[in-house]
Each structure stands twice: as C-alpha cells, then as structure tokens.
Amino acid sequence: MTVLHLADAGEAADLAAFLARLIHYDKAAAVRLQAGGGVLAVFGRPPSFEVLAIRTARLAGKSSREAGSSTPDAGSSTPGDAGHTAVDATVSAGELLEGIEESAGVVTVPAAVTGPPWTGLLPPRGGWQRVPGLPAPEALVRAVSGAVAEFRARDEALPPQHRTRSERDRIGREIWSRTLGDTHLPLRAAHAAQSLGFLRPVRAGALVGGGTSPGAAAPAPAPAPQPQPLSLLSAGGWLRLSTPYGSIAVRTGGPEGLTGLSGLTVTPA
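From a predicted model like this one, the values you see are computed outputs, not experimental measurements.

Turning next to the overall build of the chain. Looking only at helices and strands, the chain features five helices and 11 strands. For the chain, with 269 residues in total, the buried portion stands at 47%. Across the chain, the fraction of contacts at a sequence separation of at least 24, relative to all contacts at a separation of at least 6, is 70%. Entry remark: accessible area of the chain is about 12,000 Å², with carbon and sulfur atoms responsible for 53%.

What follows is the structure, encoded as structure tokens:
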C-alpha cells in the first residue's frame, strides 16, 4: 500500500472536493492515478459530460510503502525520472476519497481495480501548444448558464408526446456540441469545468491544477505557484481547457469538428 504525502492540507482538501464531485455523477467512478516528479495527477471521466477531467496536486517529496514493495517513492524526484511515473494505477474514486486525511495532507492509495476503457487512453504528457480564441472566464460561465436555460426552455416547450429521452438527447447534443469562441472546444467542456468547480474565482495561493501537462514530471514543489489564467491547449489530437483548479480534456476530430459526441448523456446536471 502506497501512502502519498501532499504538499499541504489545502492540496488534500481540493483533491477530496474533486473526487466528491466525480462520485456525485457516478458512485462507482474509477480514476487513473499517475504520480512522480513531485506531482500527483488524477484523471476522471464524469459520465454526464463525456470529457476527461484532470486534477493535479503537489507532493511533499516523500512517500511510504509496505515492506517488500518494488514501487519507487511516488514523491521522490531523482535524476532520470522525468517523463516517468512512480505510481500509475486505476483505483476506485470512492476508496481513494476515503483514504485522504485532509488535516495531515496524506493520501492512501487503495488497491488497483480493472478500469473502464478510457483509462488506457490519456492525453499526451507534453507538446501542448496554446490555442487562441478562448473567451474570458466570465463569458464561459455566461455561455454555460445560457445553454442550461435554453435546454430547459426547449424541453418545456416540447409537446407531451415528444418529451422523450431521445428528443431531449437530440436537443442537448445540438446545444452542448456548439463550439466556444473561435475554437473547436465544445460547450460541454466548459459545462464540465463549471460543474467540477474548475471555473470558480481564484483564491490567493491557489494551485495551478490545470497548468501542468497531464502526467508530466515536475520538480519537487516549494511555495505554491501563482494561478495562471484560463487557457486552451492542443496536443496530439486533444484539446485541453486549463484552469487554476484543473483541466478538461476532449479528443478532437480535426478542423471539421469533434469526434465522440454521439450517444452521450446530454441533459444538463
């Protein structure tokens, strides 16, 4: 059993809040963990949005293991570990949440589980390039609120005989697949970011949860980095909405649009 020591209690509290939100949408949620080089990355996929949510947390530079374990210390940063992870496992989000001691900033990693297919297909570790055209944070929040209001209005306007799941899904798919600003990022990504708490106002000393490339190694942390503004990044067929509290990643289908939007649950949460 691996025990990870986070940089401080605030990191533990933010990670716990993220896991609690994932469990709200899926009580049986699984998450993929990758830890090493001073950073813990947690990947989840809330089913109501069909996006990949990513939360990172700084490690304190130490971890403990059961005797006989061959897994390197997850918080250690040793020469040559760049680009590699010391902990890489898929676990139950609920069990991981139970293993967080917020006051101590400690996370006990539960036993691995057989994860859903998405856990084997994560965004690239590096090569992210900034993409222009993303609206301001306030505009993203307004866009999400407007879309929710539009869905409800169109749903209420449906004749009783047409108020079916398939018709609601059709309306939702039309709304949530719209792109934001001058980008190819779907509106559903901003909806997921808001629902997971990634678009809330930045507090002083907040962790840049979406600023580290998913799975990328980072030096052992010192003081908390200053929050960076929202940004849109692109790499290897992925788009990533990066915020000070986490990231939302989606697969792209090139300039003609986004793939993987069919058959999704699109009713606003």
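After presenting the structure, the write-up continues.
A separate point is the pairing of strand 9 (residues 231-235). Counted residue by residue, strand 9 has four buried out of five residues, so it is predominantly covered. With two bridges connecting them, strand 8 (residues 129-130) and strand 9 associate as antiparallel partners. Bridge pairing links Gln129 to Ser234 in strand 9. Sheet topology note: the strand 9/strand 10 (residues 238-243) ladder contains five bridges and is antiparallel. Directly across from Ser231, in strand 10, lies its bridge partner Ser242. Once strand 9 ends, the chain turns through two residues before running back antiparallel as strand 10, passing Gly236 with a positive phi of about 50°.

Inspection of the entire model under this criterion finds 14 salt bridges. Salt-bridge contacts for Arg45 lead to Glu50; the nearest nitrogen and oxygen are separated by 2.9 Å. When salt bridges that share partners are traced, they join Glu150, Arg154, Glu167, Arg170, Glu174 and Arg178 into one network.

Turning our attention to unusual backbone geometry. The residue Glu50 is not glycine, and still its phi comes out positive at about 55°. Looking at the secondary structure, you find Glu50 in the loop between strand 3 (39-44) and strand 4 (52-64). For Glu50, a relative accessible area of 26% translates into the label partly exposed.

What follows covers the pairing of strand 5 (residues 87-92). Counting buried residues along strand 5, five of its six residues qualify, which places the element largely inside the surrounding structure. Relative to strand 5, strand 2 (residues 30-36) runs antiparallel, the two being bridged by six bridges. Within strand 5, the position partnered with Leu33 by the bridge is Ala89.

A pair of packed helices is characterised by two quantities: the angle between their axes and the separation of those axes. It is at 9 Å that the axes of helix 3 (residues 137-157) and helix 5 (residues 187-195) come closest, and there the two elements cross at 100°. With respect to their mutual orientation, helix 3 and helix 5 come out roughly perpendicular. Counting all contacts with helix 3, which are made through Val141, Ala143, Val144, Ala147 and Val148, the residues of helix 5 involved are Leu187, Ala190, His191 and Gln194. For the contact of helix 3 with helix 5, the residue count by class is seven nonpolar, two polar and no charged.

This brings us to the nonpolar core. By size, the foremost hydrophobic cluster in this structure holds 55 residues, and its most contacted members are Leu15, Val31, Leu40 and Ile248. No other element matches the eight residues that helix 1 (residues 9-25) contributes to this core. In this structure Leu40 touches Leu4, Leu6, Leu15, Leu33, Gln34, Ala35, Arg55, Thr56, Ala57 and Leu59, once residues within four positions along its chain are discounted. One finds Ala41, Trp128, Leu233 and Trp238 within the second-largest nonpolar core, a separate group that totals 11 residues.

For the chain, the mean per-residue pLDDT works out to 80, and 74% of the residues sit at or above 70. Per-element averaging of pLDDT across the chain places strand 4 at the bottom with 83 and helix 2 (residues 93-98) at the top with 97. Low confidence marks residues 65-85, where pLDDT is under 50. Its contacts with residues over four positions away, or in another chain, come to 39 contacts.

A few words now on the packing of helix 3 against helix 4 (residues 165-176). At their nearest, the axes of helix 3 and helix 4 sit 10 Å apart, and the two run at 155° to each other. Between helix 3 and helix 4, the angle falls in the class roughly antiparallel. Crossing hand, helix 3 versus helix 4: right-handed. Contact with helix 3, carried on its side by Val144, Ala147, Val148, Glu150, Phe151, Arg154 and Asp155, involves Arg168, Arg170, Ile171, Gly172, Glu174, Ile175 and Trp176 of helix 4 and no other residues of that element. Classifying every residue of the contact of helix 3 with helix 4 by side-chain character gives seven nonpolar, one polar and six charged.

The rules behind these values
Residues numbered from 1 in each chain as written. Predicted model: local features only at pLDDT ≥ 70, side-chain atom pairs only at ≥ 80, totals over all residues. Heavy atoms only, no water. Helix = DSSP H or I, 4+ residues; strand = E, 2+ residues; numbered from the N terminus. Buried < 20%, exposed > 50% of the residue type's maximum accessible area, 1.4 Å probe, protein only. Contact = heavy atoms within 4.5 Å. Areas by Shrake-Rupley, 256 points an atom, 1.4 Å probe, with all protein chains shown as cover. Pairing = 2+ DSSP bridges. Salt bridge = Lys/Arg side-chain N within 4 Å of Asp/Glu carboxyl O. Axes fitted to C-alpha atoms, helices over the stretch in contact; angles between N-to-C directions. Parallel < 35°, antiparallel > 145°, perpendicular 65-115°, else oblique. Nonpolar A, V, L, I, M, F, W, Y, C, P; charged D, E, K, R; others polar. Core = buried A, V, L, I, M, F, W, Y, C linked by side-chain atoms within 4.5 Å. pLDDT = per-residue confidence, 0-100. Left-handed = near helix turned anticlockwise from the far one by under 90°.

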